[in-house]
Amino acid sequence: MSEYTEFNKELEDFYKKKSLYKKEYNYIKHTIVNNEFYRQLPRNEQQIAIRNIKQNCIQCKKKGGTKFIEGFDEEKNYRFVKMTCGNESSPCNLFSFLTIPKVYSFQRIIEEQESSIEQLKKDLINLKNKGIYGLITNEDAVKKYKEIKEQLSEVYMLHTSFFKDYMQIIENEQKEANKTEILLKIDEVLTEMRVYLGDFNDLQNTHSLKVAVNKYIHDLLPKLMDLRRNSYNAMFVHYNEDDNTFNLMQSKYTIADTEYFMDDPSVQKTNNKKETSSRLVAPVSDDIDWGSDDESDISKVNNSYETEDSDDDGMLLSRKKLIIDQNTPEESPVIESEIL
Ligand SMILES: [Zn+2]
C-alpha cells in the first residue's frame, strides 16, 4: 500500500481537517454553554443557540462552513470521502474527492487462497470417486477434471506470488543482509575505539581520547541509526496516561505494509489557493448565529447580543444585552437588563 503516497497523504489530510473542524465546533459549544448569559436563557433558546452554531469554511472563511462527507457509492461499490466549501452563493475552490477501494490484509488473501486450494483438491477426489462408481460419464469427468486443474493452477500461481510478496514484507531478506553487514561494521568500530580508549587509559593520551570520541560520533552513531532503520519499519513513542510512562514501540512492519488494495484508489483535488491554517476562532465571534426565529429575538450587535421579549402584539416588554469583551472573551460577559 506504500506506493499510494499521494492518496495516503490526502486521506490523512481529510481526517486531520475534519477533526480540527470538529474541535473548533466543540470549543465554540463549550464556550457558549459556560457563558453566564446562555445559562439564563430558557431551555428551548439554549437548544437553538447550540443548533445555530455556525462555522466558516476552513479555506475562504466564508459562511456555510466546510462539508466533510464520508459515504459509500452503492452503484460503483466503493467508499469515498469528500471535502467541499459550504458557502452557497460563492463557494471557493476547496475540493477533494477520494475513492477508497476495499483493502484486504495479505494474511487474509493468502488464507482464502489456501482454503480455495483445499476445496479444489476435495473436488478432484470427489470427481474421481464419481468416476469409480460410474456416477459421471467419462466425457464429463475429463471436462470437469480439466476445469478444476486449470482453476487449481491459477490459484497456486497467485498464492505463490502473494506469499512471496508477504514474506518480503515480514522477513525482508535484503534488510536482514544489510543488518549482518552493519553489525560487522559496528564491531570493527568498537574494536578500534577500544584500542584508542585503552591508549588513553594507559598513557593519558588525550589525542587518543579525541579520536575515540570522533569515531563514536561519526562512525558508530550513524551505523546504529542504520541498524535501527533496517530492523524496524515502524517506530513511535506511546504515552500511557494510566501510569504516566512513555514506551518505545518498535515493529518490523506496520499494518499498512501488510494491506493490499483490491483496486487503485483515486484522488481528485482542486485547491490552488494558498491554504490558511486551521485555527480556533474567538469563542464568540461572527461564526455564531444565535438565530432569530424564536419568540425572543437574539441578535448580534458588534460584540454584544441582545434579547428582546415582546407580548403577543409585538409590544416590547424587556430587553437584555450581553456584552463580551473580545480581548478577554473567557471572562463573564456584562449583562444589561432593561424592563420597558
Ligand atoms: Zn470556502
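Residues numbered from 1 in each chain as written. Predicted model: local features only at pLDDT ≥ 70, side-chain atom pairs only at ≥ 80, totals over all residues.

**Describing the overall build of the protein chain**
To keep things clear, this is the line we draw: Labels follow the DSSP assignment, with helices taken as runs of H or I lasting at least four residues and strands as runs of E lasting at least two, numbered in each case from the N terminus. Buried means a residue has 20 or more other C-beta atoms within 10 Å of its own C-beta, exposed means 12 or fewer, and partly exposed covers the counts in between; C-beta atoms are placed from the backbone. In this description, a residue-residue contact is defined by the distance between C-beta atoms placed from the backbone, which must lie within 7 Å.
Each helix and strand in the protein chain was counted, giving seven helices and twelve strands. Counting all 340 residues of the protein chain, 9% fall into the buried class. Across the protein chain, contacts joining residues at least 24 apart in sequence account for 55% of those joining residues at least 6 apart.

**Here we look at unusual backbone geometry**
Of note, Q204 is a non-glycine position whose phi angle comes to about 55°, a positive value. Looking at where Q204 falls in the secondary structure, it is placed in the loop between helix 6 (173–203) and helix 7 (206–231). Given 9 C-beta atoms within 10 Å, Q204 falls into the exposed group.

**Overview of the environment of G131**
Within the secondary structure, G131 is located in helix 4 (residues 106–132). Separated by ten residues in the primary sequence, G131 and A141 place their C-alpha atoms 6.8 Å from one another. If sequence neighbours within four positions are ignored, G131 has contacts with I136 and A141.

**Here's the deal with the packing of helix 4 against helix 5 (residues 138–170)**
Short version of the rule: The angle between two axes is taken between their N-to-C directions and runs from 0 to 180 degrees, where each axis is a line fitted to C-alpha atoms and a helix contributes only its stretch in contact. Roughly parallel means an angle under 35 degrees; roughly antiparallel, over 145; roughly perpendicular, 65 to 115; everything else is oblique. Each crossing gets its hand from how the near helix is turned against the far one by less than a right angle, where anticlockwise is left-handed and clockwise is right-handed. Just so you know the grouping, Ala, Val, Leu, Ile, Met, Phe, Trp, Tyr, Cys and Pro go in nonpolar, Asp, Glu, Lys and Arg go in charged, and all remaining residues, Gly too, go in polar.
Two numbers describe how helix 4 lies on helix 5: the axes approach to 9 Å, and their chain directions differ by 160°. In terms of axis orientation, helix 4 runs roughly antiparallel to helix 5. As helix 4 runs across helix 5, the sense of the crossing is left-handed. A per-class count over the contact of helix 4 with helix 5 returns 17 nonpolar, five polar and three charged.

**Side note on the pairing of strand 6 (residues 245–251)**
Note the following rule: The rule for pairing is simple: two strands pair if DSSP sees at least two bridges between them.
For strand 6, the tally of buried residues reaches only zero of seven residues, placing the bulk of the element at the surface. As defined by bridge partners, strand 5 (residues 234–240) adjoins strand 6 across seven bridges and the pair is classed as antiparallel. Paired with V237 across the strands is L248, a residue of strand 6. Linking strand 5 back to strand 6 in an antiparallel pair, the connection comprises four residues, with N244 at a positive phi of about 55°.

Any link to function would need more than the numbers given here.
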